[in-house]
Amino acid sequence: MTAATDNHWYPVAMVSGIDAPRETWLLGKKITLGRDNGACWVRDAAGNPLTVTERFGHLWTSPGQPNRALFTIPEADTPGRRLVDVGSVRVKCSPLRAVENFLDIAHFPFVHTDILGAEPHTEVDRYDVRIAEDVDEVWATKVKFFQPQAAKSASGGITTEYMYRVPAPTCAVLYKTCPPRPGEWDIITLFVQPLTEEWCEVWPWMALYDDASTMAEMVSFQQLIFMQDRSILENQIPRKLPLDPGMEVPTQADMTSVAYRRWLKKIGYTYGAQLVAA
Amino acid sequence: MNWIAVGLKQDLPLGVVIPSRIEDTELAIWRSASGEVRAWSDRCPHRGMRLSHGFVRGNALSCIYHGWQYSENGSCAYIPAHPKLTPPDTICVPTYDCAETDGVIWAALQKPLGAPPAVSSRRPVRSMPVARSARAIAAYFNAPQSTFLEIGSDFDVALALQPCTAAHCVVHALAARGADRKAVSRWLEALRSDLEESAP
Ligand code: FES
Ligand SMILES: [Fe+2]
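Cut-offs and rules
Residues numbered from 1 in each chain as written. Chains lettered and ligands numbered in written order. Predicted model: local features only at pLDDT ≥ 70, side-chain atom pairs only at ≥ 80, totals over all residues. Heavy atoms only, no water. Phe/Tyr/Trp six-rings, centres within 6.5 Å; stacked < 30°, edge-to-face > 60°. Buried < 20%, exposed > 50% of the residue type's maximum accessible area, 1.4 Å probe, protein only. Lys NZ or Arg CZ within 6 Å of the ring centre and 35° of its normal. Helix = DSSP H or I, 4+ residues; strand = E, 2+ residues; numbered from the N terminus. Pairing = 2+ DSSP bridges. Contact = heavy atoms within 4.5 Å. Buried area = accessible area lost by both parts, 1.4 Å probe. Salt bridge = Lys/Arg side-chain N within 4 Å of Asp/Glu carboxyl O. Polar contact = N/O pair within 3.5 Å; in protein donor to acceptor, adjacent residues only side chain to side chain. Axes fitted to C-alpha atoms, helices over the stretch in contact; angles between N-to-C directions. Parallel < 35°, antiparallel > 145°, perpendicular 65-115°, else oblique. Left-handed = near helix turned anticlockwise from the far one by under 90°. Nonpolar A, V, L, I, M, F, W, Y, C, P; charged D, E, K, R; others polar. Domains from an automatic or database assignment. Donors = N, O, S within 2.8 Å, 3.2 Å for Na, K, Ca; no water. Tetrahedral: all angles 85-135°; square planar, octahedral: opposite > 155°, others 65-115°.

What's the story with the packing of aromatic side chains in this structure? I'm lost.
Aromatic ring pairs: the centre-centre distance and the angle between the two ring planes describe each pair. All names here are of chain A. The tally for this structure, following the rule as stated, stands at 16 aromatic pairs over all chains. Ring centres of Y162 and Y164 lie 5.7 Å apart, and the angle between their planes is 5°; on these two criteria the pair is classed as stacked. Relative accessible area serves as the criterion here: at 1%, Y164 is assigned to the buried category. Linked through ring pairs, F56, W60, F71, F191 and W205 together constitute an aromatic cluster. Stacked on the ring of W41, the Lys or Arg R43 has its end atom at 3.9 Å from the ring centre.

Here you go:
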């Protein structure tokens, strides 16, 4: 393991779900987490305390010295949003494959058929992608896609606009047109805990404007989507994300994935990555 | 002889794709609407998704992840995200020789020498996974190098062996035309027990 991997923040639990101490994995090593007198803690296998922070409904930790504070999502703090802890899904794939899939819209008609996409509306128009050097994040903007049912609160098909942001190697934030409030963005995140290089725990979290749906409805809608994604993620070969060009064939619709891989390479983040063509 | 049985015709209807393997090579075996059988690498060149999870439309195989469509020679014919684009010839799935004779589907990872084994007057009965290597089964019948064993017995059984792993293979069984299928099946189950119990 290298500093490039250790010095990041990782989600390890939903704060509301922490009661008795329990074991989990982070970057191939066992850790223990729990709560004493209201304060959450994480310890490594030797019992040493790791740095922690609580944010976005989740407990975050780092095995190293994080070189910066956990990213923020200022929009999530605006009043009127409902914060949804979705729970977790364990997936047998590289944490990086899980993030890359979250950044992908071209699969909607085939994997989330009649929910997030439907044939014949398969075309992906050109959108903007950049690595924002000032904050060192990947951003994709002006992403548009036709969706039969974009959210639990949507009735009928609409063209949805998206922005994607990768603020940390195993985290992604999606800003999405909000059906009940034109001009505002719903926020859906994917926080990925790397258990090992080929096994991860995915913690989706949402901050939505939706007064109509129950919490249970919003959770089960998102869980359905992630179960569909899991059937893909556990069947990609290789399980690790190839960072070198040549092994896979990107097109214009994959510009976010291309930028994400390039950025991982630039910051030297190779946990869960495959570097030489097998 | 490098033809290996990878399935039986009766288990692969029109428009269906199934996973299979020959040792470390994972295969997607599929039958087009017009009935042709193909054996391809089980990996989509786009993002590595298993093609055996895909779907057949007409005479093309589509990947389930982003719907890329591959025509019968393995080349990519259509990318749904870019409907106006003609995909470059360089995008193609590795394909293998595949043949279907007398109800058995055969594939060859290298250029095959000659035709698949003659099953003569037998007909396929069933495919059966066995927790022994193909090599061990061939050795059990004193035919160490062979992947097509003509056993005889009351049913004139022949076994086409599909090597999968060091501890696992699939046996495709054929028997005389008039043989009672249930009786052959019982004979096979007994053989499987013998083989698995004789494992070291
Ligand atoms: S992985 Fe097959 S179409 Fe994208
Ligand atoms: Fe998805």
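The discussion continues.
What is the right way to look at the pairing of strand β6 (residues 58-62) of chain A in this model?
Side-chain direction in a regular strand flips from residue to residue, so the side chains alternate between the two faces of the sheet. Residue and element names in this part refer to chain A. Most of β6 is tucked away, with five of its five residues classed as buried. Taken together, the five bridges between strand β5 (residues 49-55) and β6 define a ladder with antiparallel strand orientation. Pairing of V52 across the sheet is with T61, part of β6. The loop that links β5 with its antiparallel partner β6 comprises two residues; one of these, F56, has a positive phi angle of about 50°.

How do you make sense of the interface of chain A and chain B when you look at a structure like this?
Where the parts come together, the accessible area they lose is often given as the size of the interface. At the interface, 27 residues of chain A touch 25 residues of chain B. Here chain A and chain B share an interface that buries about 2,100 Å² over both sides, 53% of which is from carbon and sulfur atoms. When the buried area of chain A at its contact with chain B is split by residue, F110(A), N235(A) and I237(A) rank highest and sum to 30% of it. For the interface between chain A and chain B, the tally reads six salt bridges. One salt bridge in this structure joins E100(A) and R47(B), with 3.3 Å as the shortest N-O distance. The interface formed by chain A and chain B contains 20 residue pairs in polar contact (both at pLDDT 80 or more). Put simply, the parts of the chain that give the side of chain A that touches chain B at least two residues each are α2 (95-102), α3 (108-111), α4 (215-233) and α5 (255-267) of chain A. Among the elements that make up the side of chain A that touches chain B, the one with the highest residue count is α2(A) (three residues).

How should I be thinking about the packing of α2(A) against α4(A) in this particular structure?
Helix-helix packing is characterised by the crossing angle of the two axes and by the distance between the axes. Residues and elements named next belong to chain A. Direction vectors running N to C along α2 and α4 enclose 125°, while the axes themselves pass 11 Å from each other. One finds that α2 runs oblique with respect to α4. The handedness of the crossing between α2 and α4 comes out as right-handed. Along the contact surface, α2 presents R97, A98, N101 and F102, while α4 presents F226, D229 and L233. Each residue belonging to the contact of α2 with α4 can be placed in one class, and the counts come to four nonpolar, one polar and two charged.

Quick question: what am I supposed to make of the sheet that holds strand β2 (residues 17-22) of chain B here?
Across a sheet, paired strands are connected by hydrogen bonds in the backbone, their directions being either parallel or antiparallel. Residues and elements named next belong to chain B. The strand order β1-β10-β9-β4-β3-β2 describes an open sheet built from six strands, whose pairing is antiparallel. If you trace the sheet from one side to the other, it starts and ends with β1 (4-8) and β2, each paired once. Across this sheet, the average inter-strand angle for adjacent strands is 30°, counted without regard to direction. Relative to strand β10 (residues 104-108), strand β9 (residues 95-101) is paired through five bridges, and the arrangement is antiparallel.

Could you clarify how one ought to interpret the domain arrangement of chain B in this entry?
All names here are of chain B. Along its sequence, chain B is organised into domain 1 (4-99) and domain 2 (117-197). Placing a centre on the C-alpha atoms of domain 1 and another on those of domain 2 gives a separation of 28 Å. Counting residues at the interface gives eleven residues for domain 1 and twelve residues for domain 2. Together, the buried faces of domain 1 and domain 2 total about 860 Å²; carbon and sulfur atoms form 57% of this surface. Taken together, domain 1 and domain 2 are joined by zero salt bridges. Summed over the shared surface of domain 1 and domain 2, the number is five residue pairs in polar contact (both at pLDDT 80 or more). When residues of the side of domain 1 that touches domain 2 are traced back to their parent elements, those giving at least two are β1 and β2. Here the element with the most residues in the side of domain 1 that touches domain 2 is β1; it accounts for five residues. Residue classes in the side of domain 1 that touches domain 2 are distributed as five nonpolar, three polar and three charged.

Please explain the environment of L233(A) as it appears in this structure.
Residue and element names in this part refer to chain A. With respect to the element layout, L233 can be found in helix α4. For L233, a relative accessible area of 6% gives the class buried. When near neighbours in sequence (up to four residues on either side) are disregarded, L233 contacts V91, K92, C93, R97, A98 and N101.

Looking at this model, I keep getting lost on the coordination of the iron ion (ligand 2). Mind explaining?
The textbook angles at a metal center are 109.5 degrees for a tetrahedron of four donors and 90 or 180 degrees for an octahedron of six. Residue and element names in this part refer to chain A. For the iron ion (ligand 2), every protein donor is listed as H107 (NE2), H112 (NE2), D229 (OD) and D229 (OD), and the spread of their distances is 2.0 to 2.6 Å. Given four donor atoms and angles of 54 to 156° at the metal, the environment of the iron ion (ligand 2) is assigned as irregular. Counting gaps between the donor residues of the iron ion (ligand 2) yields the pattern H-x4-H-x116-D. In this pair, H107 is assigned in the loop between α2 and α3 and D229 in helix α4, connecting sequence segments 122 residues apart.

Please explain the pattern of salt bridges as it appears in this structure.
Side chains bearing opposite charge may pair, as long as their charged atoms lie close to each other. Scanning the model with the defined rule gives 30 salt bridges over all chains in all. The salt bridge involving R181(A) is made with E184(A); its shortest N-O contact spans 4.0 Å. Accessibility expressed as a relative area gives 32% for R181(A), which makes it partly exposed. Classification of E184(A) by relative accessible area gives partly exposed; the value is 31%. For E189(B), the salt bridge identified is with R192(B), shortest N-O distance 3.0 Å. On the criterion of helical spacing, the pair formed by E189(B) and R192(B) is a turn pair, its members being three residues apart in helix α2 (residues 181-197). Judged by its relative accessible area of 33%, E189(B) falls in the partly exposed class. Residues participating in the shared-partner salt-bridge network are R97(A), E100(A), D104(A), E248(A), D254(A), R261(A), R43(B) and R47(B).

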